[in-house]
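Listed below, chain by chain, are the residues.
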Amino acid sequence: MALLKVKFNQKKRVKLAQGLWLMNWFSVFAGILVFSMGLFLKIELRKRSEVMDNSESHFVPNSLILMGILSCAFNGFAGKICYDSLDPAKFAKWKPLLKPYLALCCVFNILIFFVALMCFLMRGSLDSTLAQGLKNGMKFYRDTDTPGRCFMKKTIDMLQIEFKCCGNNGYKDWFEIQWISNRYLDFSSKEVKDRIKSNVDGRYLVDGVPFSCCNPSSPRPCIQYQVTNNSAHYSYDYQTEELNLWRRGCREALLNYYSSMMSSMGAVILLVWIFEMSVMVGLRLLHTSLESIANPEDPECESEGWILENSLKDTFKSALENLKKLGKFNQVEAGAEGAEGEEGGKTPAITTVS
């Protein structure tokens, strides 16, 4: 029994073809939207590539760009088919291509669904990428005179100001690295010498943070040095001064920013996927309804359209049997080639009669 069998007359077939033509052009615009989203996400990731550890994060935007291009191509082609289906003479040239085209559409829709899932599931890989990238970026904060790293201070400062964050996981991350360049340290000062000697690695570590960690909403001037020393500042307790510095780490801030962006894109792509599936089902119904016309010379006669010629169970069994036959055929071919090789390797015995 055919799956989703529908009866059509000439009027219904024309309406279906016209509706599909319109839907395909909407799908072309949807493809442009997907392409634009991928391009936007790629630009946003590239803006902060200095604080990302690898290029794996570009898999999703690259996939969106590819899916957008393919969507425009597939739906533009389907729109032409639907337009020509109104004329039996023009539609005849498309008949041999429709089955392969529908198979490609099926693969394409699977890929779109996979990309939509990736938008929702990428948070984990993006988390590790940002954690390592921000850690490295903070290490290079002081290298303002080193070629290739001189921009890192500005990048980190602008990042902390824009996203209202501080450090990797929090402001205390700055206490563990030397973020002040040696050229700005007075090595004749006893305080500087003592700090460097007290550290095993010979680094100048302080309980201070860059100015970009300061919260401008704080009612008092920002305390960015001796942050944990209550006695160094009047009427100050660093554990209760929540407005003094940004408490949120930049990894969390960036992760939330990109995750919300990709979740929104994933929702849009799922809607595009549902729309593409509807177009594919409609095209299949149009294809089968035109093929099942009993009298091609009488285009006004009734016909039947379906999604699958047999039930889902029977179609699955048939596909399995075809795969098994294909496997046996390959085994037979391999066996025949082996037998030919053995025969070719044998040399006939020659008996010499004297």
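From a predicted model like this one, the values you see are computed outputs, not experimental measurements.

Cut-offs applied
- Position numbers for residues start from 1 in each chain and track the written sequence from start to end.
- It should be noted that, the model being predicted, local features are given only for residues of pLDDT at least 70 and side-chain atom pairs only at 80 or more, the latter also being counted only at that level, while totals for whole chains, interfaces and linings use all residues.
- To obtain the side-chain values, all non-hydrogen atoms of the structure were used and water was disregarded.
- UniProt positions are given in the numbering used here, feature names are shortened, and annotations may be inferred rather than shown by experiment.
- Helix and strand definitions follow DSSP, with helices as H or I runs of at least four residues and strands as E runs of at least two, each counted in order from the N terminus.
- When the centres of two rings from Phe, Tyr and Trp lie within 6.5 Å, Trp using its six-membered ring, the rings pair. Their planes under 30 degrees apart give stacked, over 60 give edge-to-face, and anything left gives tilted.
- Think of a polar contact as two N or O atoms within 3.5 Å of one another; within protein, one of them needs to be a possible hydrogen donor and the other a possible acceptor, and neighboring residues in sequence only count if both atoms come from side chains.
- Every residue pair with non-hydrogen atoms within 4.5 Å of one another is taken to be in contact.
- Counting rule for disulfides: a pair of cysteine sulfur atoms within 2.5 Å.
- Any residue under 20% of the maximum accessible area for its type is buried, any over 50% is exposed, and the rest in between are partly exposed; the area is computed with a 1.4 Å probe on protein chains only.

Comments concerning the UniProt feature "transmembrane region" (unreviewed entry) in the protein chain
For step 1, the next point in the chain: The UniProt record marks residues 20–41, 101–122 and 255–275 with the feature "transmembrane region" (unreviewed entry), using the residue numbering of this structure.
For step 2, the next point in the chain: Helix makes up 100% of residues 20–41 and strand 0%, with an end-to-end C-alpha separation of 31 Å.
For step 3, the next point in the chain: For residues 255–275, the helix share is 100%, the strand share is 0%, and the end-to-end C-alpha distance is 30 Å.

Considering the packing of aromatic side chains
For step 1, the next point in the chain: Here the structure, examined in full by the defined rule, presents 11 aromatic pairs.
For step 2, the next point in the chain: Look at F77 and Y101: their rings are 5.2 Å apart centre to centre, the planes differ by 55°, and that puts the pair in the tilted class. With F77 in helix α2 (residues 59–84) and Y101 in helix α4 (residues 95–121), the pair connects residues that are 24 residues apart, well separated along the chain.
For step 3, the next point in the chain: Each ring, one from Y141 and one from W174, has its centre 5.1 Å from the other, and the planes form 70°; the classification is edge-to-face. Of the two residues, Y141 sits in the loop between α5 (123–139) and α6 (152–163) while W174 sits in the loop between α6 and α7 (190–198), which places them 33 residues apart along the sequence.

Description of the side chain of E44
For step 1, the next point in the chain: For E44, the location among the structural elements is in helix α1 (residues 10–47).
For step 2, the next point in the chain: Polar contacts involving the side chain of E44 include one to the side chain of Y257, which spans 2.6 Å.
For step 3, the next point in the chain: Once residues lying within four places of it in the same chain are set aside, the contact partners of E44 are Y257, Y258 and M261.

Overview of the state of the cysteines
For step 1, the next point in the chain: The full count for this structure, using the stated rule, is 3 disulfides.
For step 2, the next point in the chain: Covalently, C165 is tied to C250 through a disulfide, its sulfur atoms 2.1 Å apart. Between C165 and C250, the S-S torsion sits near 90°, and that sign places the bridge as right-handed. Separated by 85 residues along the polypeptide, C165 in the loop between α6 and α7 and C250 in helix α8 (residues 250–291) bring together distant segments of the chain.
For step 3, the next point in the chain: Classification of C250 as buried rests on a relative accessible area of 2%.
For step 4, the next point in the chain: Disulfide pairing is shown between C214 and C222; the S-S distance is 1.9 Å. What sets the handedness of the C214 and C222 disulfide is the S-S torsion sign, and at about -75° it is left-handed.
For step 5, the next point in the chain: Across the protein chain, the way the bonded cysteines pair up, counted in sequence order, is 1-6, 2-3, 4-5.

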